[in-house]
2 protein chains.
Amino acid sequence: MSRERAIEVADELRAVITAIRRRMQAEGPTDAYTASQLNVIANLAKHGPSTVTLLANVESMRPQSMGAIIATLESIGVVTGSPHPTDGRQTLWTLTPKSADEYNAGRDARSNWLYSAVSTGLSSEQLEELDRSLAALRRMLEK
Amino acid sequence: MSRERAIEVADELRAVITAIRRRMQAEGPTDAYTASQLNVIANLAKHGPSTVTLLANVESMRPQSMGAIIATLESIGVVTGSPHPTDGRQTLWTLTPKSADEYNAGRDARSNWLYSAVSTGLSSEQLEELDRSLAALRRMLEK
DNA sequence: ACTGCAAAGTTAGCCTTGCTAATTGGCGTA
DNA sequence: TACGCCAATTAGCAAGGCTAACTTTGCAGT
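One structure accompanies this document, and this report is about it. (Residues numbered from 1 in each chain as written. Chains lettered and ligands numbered in written order. Predicted model: local features only at pLDDT ≥ 70, side-chain atom pairs only at ≥ 80, totals over all residues. Heavy atoms only, no water.)

## Details of the relation of the copies chain B and chain A
Okay, so step 1: Least-squares fitting of chain B to chain A yields an RMSD of 0.2 Å, with the transformation described by 0.1 Å of translation along the axis and a rotation of 180°. Given the turn and translation reported, the copies of this chain are related as if by a two-fold rotation axis. Relative to the rotation axis, the closest C-alpha in chain B is found at B:Ile17, a distance of 3.2 Å.
Okay, so step 2: A share of 98% of the interface residues of chain B reappears at the interface of chain A, consistent with the copies meeting face to face through the same patch. (Least-squares fit on C-alpha atoms with pLDDT ≥ 70 in both. Contact = heavy atoms within 4.5 Å.)

Right under this line is the structure:
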């Protein structure tokens, strides 16, 4: 395969990523949650109760940074923490019932820019193709 | 098409984007240029001399922010500015010959994390599929 | 020619996000 | 029981991009 081609696509990937990121940031204030908050919510919904440190590892982020995100989510009633049954150092965080319901119902979808852009801007075929590319990128990240 | 499916893919898109972004940031110091700087360099290489305001528009960014990026690139000798021949308000920025050569030779590819990840982590088919998805995302951004 | 407004760019100050360093308190093993 | 490890928190910092306000230049209407 052509190295030139890889450079071209990487250029475009970088440009699109930065553009989407800035757009998410710009639309942020009107959205219910920030990107990082949504990542945490999705993680808790998919994998159940987690500690701050575990969430930080999943997101390739420092525990201190994740701690700040969790603190914000707690203050607005999205997550609650309970002490680990046997290990007093740990706190296990879960979505509140209300937030879990909202997530499962996809209720925040309408208030989040990326969700509505994806659902109204991409065809069914484009959606599946994007999903395959994302899977490839994820594997790329793991190396 | 399923709205649920769109939500799933958007979730994954957001997660992958934030992961790549953090990774680029983390690898940044060892890279030659930041993501924003590379975006500007690619733009100048593809579309020729531009003003700060034009570059800012292309990148969906404020002129003040782009001004700072250009100032940095000028200080390290990557771009040079010259007055617009007829409009005294504008300054036209171009890549220095050395930088243009480097860009065309893809010489910075080896020193940039994203380039090397893409070229070694994706197959030729995955590369083309990704390129199609990026085109779809770009159209999505323009709405 | 003169007045007045638009457009390019700059300076100053702020906010957000994630980082490192250092501390506290619980855990577990020699 | 003492010592080192691990979860979490607090404090301070840097990068990136934002708004607000100002200067200079160009242009259009009278």
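Here the narrative resumes.
## Concerning the protein's contact with DNA strand C
Okay, so step 1: Taken together, 19 residues lie around DNA strand C, and A:Gln64, A:Ser65, A:Gly88, B:Thr53 and B:Thr91 are the ones closest in.
Okay, so step 2: Among the atoms of DNA strand C lying within 4 Å of the protein, the sugar-phosphate backbone contributes 68%.
Okay, so step 3: B:Arg89 places a polar side-chain atom, nitrogen or oxygen, 3.2 Å from a sugar or linking oxygen of DNA strand C.
Okay, so step 4: With 3 residues, helix H4 (residues 63-75) of chain A is the single largest residue contributor to the surface near DNA strand C.
Okay, so step 5: Among the residues making up the surface near DNA strand C, the classes are represented as 3 nonpolar, 11 polar and 5 charged. (Near = heavy atom within 4 Å. Polar contact = N/O pair within 3.5 Å; in protein donor to acceptor, adjacent residues only side chain to side chain. Helix = DSSP H or I, 4+ residues; strand = E, 2+ residues; numbered from the N terminus. Nonpolar A, V, L, I, M, F, W, Y, C, P; charged D, E, K, R; others polar.)

## Examining the interface of chain B and chain A
Interface size is commonly expressed as the accessible surface area that is lost when the partners come together.
Okay, so step 1: At the junction of the two partners, chain B supplies 61 residues and chain A supplies 60 residues.
Okay, so step 2: Of the roughly 6,100 Å² buried at the junction of chain B and chain A (both faces included), carbon and sulfur atoms supply 62%.
Okay, so step 3: Taken together, chain B and chain A are joined by 10 salt bridges.
Okay, so step 4: The residue B:Arg5 makes a salt bridge to A:Asp131 at a minimum N-O spacing of 2.8 Å. (Buried area = accessible area lost by both parts, 1.4 Å probe. Salt bridge = Lys/Arg side-chain N within 4 Å of Asp/Glu carboxyl O.)

## Concerning the protein's contact with DNA strand D
Okay, so step 1: Taken together, 20 residues lie around DNA strand D, and A:Thr53, B:Ser36, B:Arg62, B:Gln64 and B:Gly88 are the ones closest in.
Okay, so step 2: For DNA strand D, the fraction of atoms within 4 Å of the protein that belong to sugar or phosphate moieties is 70%.
Okay, so step 3: In the model, a phosphate oxygen of DNA strand D is placed 2.8 Å from a nitrogen or oxygen of the A:Thr53 side chain.
Okay, so step 4: Separating a phosphate oxygen of DNA strand D from a side-chain N or O atom of B:Arg62 is a distance of 2.8 Å.
Okay, so step 5: Those elements giving two or more residues to the surface near DNA strand D turn out to be helix H3 (52-58) of chain A together with helix H4 (63-75) of chain B.
Okay, so step 6: For the surface near DNA strand D, the element with the most residues is H4(B), which contributes 3 residues.

## Some points on unusual backbone geometry
Okay, so step 1: The phi dihedral of A:Ser60 falls on the positive side, at around 50°, and the residue is not glycine.
Okay, so step 2: Residue position: A:Ser60 is located in the loop between H3 and H4.

Structural measurements only, silent on function.
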